[in-house]
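Here is how the chains run, residue by residue.
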Amino acid sequence: MPFSVSVLTMFPEAFPGPLGVSLIGTAWREKGLWSLDTVDIRAFSTDTRGFLDDTPAGGGPGAVLKADVVARAVDSLSGPERPLLYMSARGRPLSQARVKEWAKADGIVVLCGRFEGVDQRVLDARGFEEVSVGDAVLAGGEAAAMVAIEACVRLIPGVLGSGESLSSESFEDGLLEHPQYTRPRTFEGLDIPEVLLSGDHKKVAQWREAQREETTRERRPDLWAARLANSQLRGAKARGD
């Protein structure tokens, strides 16, 4: 069975977007390694005017997607149980570790919010996990949904050309990826680091590891601190402390 993705959205026309191009698109359209279907939340409104939102309880600006409308949209889905993701700025940060877990499932269901968000009761009642793709607020969840979906789909065996390339990527071992270079040898006065042209695979590996550590220390001190803490813990266990 292919990895099955269902997206609950007010704007199904936004999909597939970037998901339909390059290797991800080929894996969908030609290889059948994953499937994508969209569910228009608007279709589940029972209001004669098609409204699916209402004013926030307790007052305040904007509108909130109604619990009953979203529930009907979710409940219309069939097939095996899949993780339910709600793209939200207040969610837990998207991480490679979570993506790897979702990619092991039969697929994912992604809810795209709009306005001020979704009634919390349906999120709790259906067991949605709130997920954030960064410390910024978007107009809706569609762009964020594409990020989460692509992160999962690219881990499906056969989607990418080389499984080996996944092992040295950012976050796989707590470090960011090393910088990459290719021909021409000189570009606007900047040369490819000589070690990469040496043919000495051991030195190349050492240089790349050093670059990964330096980049992580500079750009993600949180990841570097966690790596140091894990290293100290392993050392303590090895000593029997």
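Here's a quick rundown of the structure. (Residues numbered from 1 in each chain as written. Predicted model: local features only at pLDDT ≥ 70, side-chain atom pairs only at ≥ 80, totals over all residues. Heavy atoms only, no water.)

1. Quick word on the pairing of strand β5 (residues 84–93)
Thought 1: Inspection of the sheet shows β5 paired to strand β6 (residues 107–112) by 4 bridges, in the parallel sense. Its bridge partner being in β6, Leu85 is matched across the sheet by Val110. (Pairing = 2+ DSSP bridges. Helix = DSSP H or I, 4+ residues; strand = E, 2+ residues; numbered from the N terminus.)

2. With respect to the packing of helix α7 (residues 201–219) against helix α8 (residues 221–239)
Thought 1: Relative to each other, α7 and α8 sit at 120°, their axes nearing to 5 Å. Classified by the interaxial angle, the pair formed by α7 and α8 is oblique. Listed contacts from α8 to Glu209, Glu213, Thr216, Arg217, Glu218 and Arg219 of α7 are Pro221, Leu223, Trp224 and Arg227.
Thought 2: Considering only residue class, the contact of α7 with α8 consists of 3 nonpolar, 1 polar and 6 charged. (Axes fitted to C-alpha atoms, helices over the stretch in contact; angles between N-to-C directions. Parallel < 35°, antiparallel > 145°, perpendicular 65-115°, else oblique. Contact = heavy atoms within 4.5 Å. Nonpolar A, V, L, I, M, F, W, Y, C, P; charged D, E, K, R; others polar.)

3. Some words on the environment of Glu218
Thought 1: Take Glu218: it is sitting in helix α7.
Thought 2: According to the relative accessible area criterion, Glu218 is exposed, its value standing at 57%.
Thought 3: With 212 residues separating them along the chain, Glu218 and Ser6 place their C-alpha atoms 38 Å apart. (Buried < 20%, exposed > 50% of the residue type's maximum accessible area, 1.4 Å probe, protein only.)

4. Here's the deal with helix α2 (residues 67–75)
Thought 1: If you check which residues of α2 are buried, you get Ala67, Val69, Val70, Ala71, Ala73 and Val74.
Thought 2: Against β1 (3–9), β2 (34–40), β4 (64–65), β6 and α4 (120–126) lie the buried residues of α2.

5. Regarding the pattern of salt bridges
Thought 1: If you walk through the whole model with that rule in mind, you get 13 salt bridges.
Thought 2: Measuring nitrogen to oxygen at the nearest pair gives 3.2 Å for the salt bridge that ties Arg49 to Asp47.
Thought 3: For Asp47, a relative accessible area of 27% gives the class partly exposed.
Thought 4: Measuring nitrogen to oxygen at the nearest pair gives 2.9 Å for the salt bridge that ties Arg90 to Glu130. (Salt bridge = Lys/Arg side-chain N within 4 Å of Asp/Glu carboxyl O.)

6. Observations concerning helix α1 (residues 22–29)
Thought 1: Considered for burial, the residues of α1 that qualify are Ile24, Gly25 and Ala27. Here the buried residues of α1 occupy an arc of 160° about the axis, which is enough to place them on one side. Residues Ser22 and Arg29 are exposed on α1 and point more than 90 degrees away from its buried face.
Thought 2: Where α1 is buried, its residues touch β2 and α5 (142–153). (Arc of directions from axis to C-beta.)

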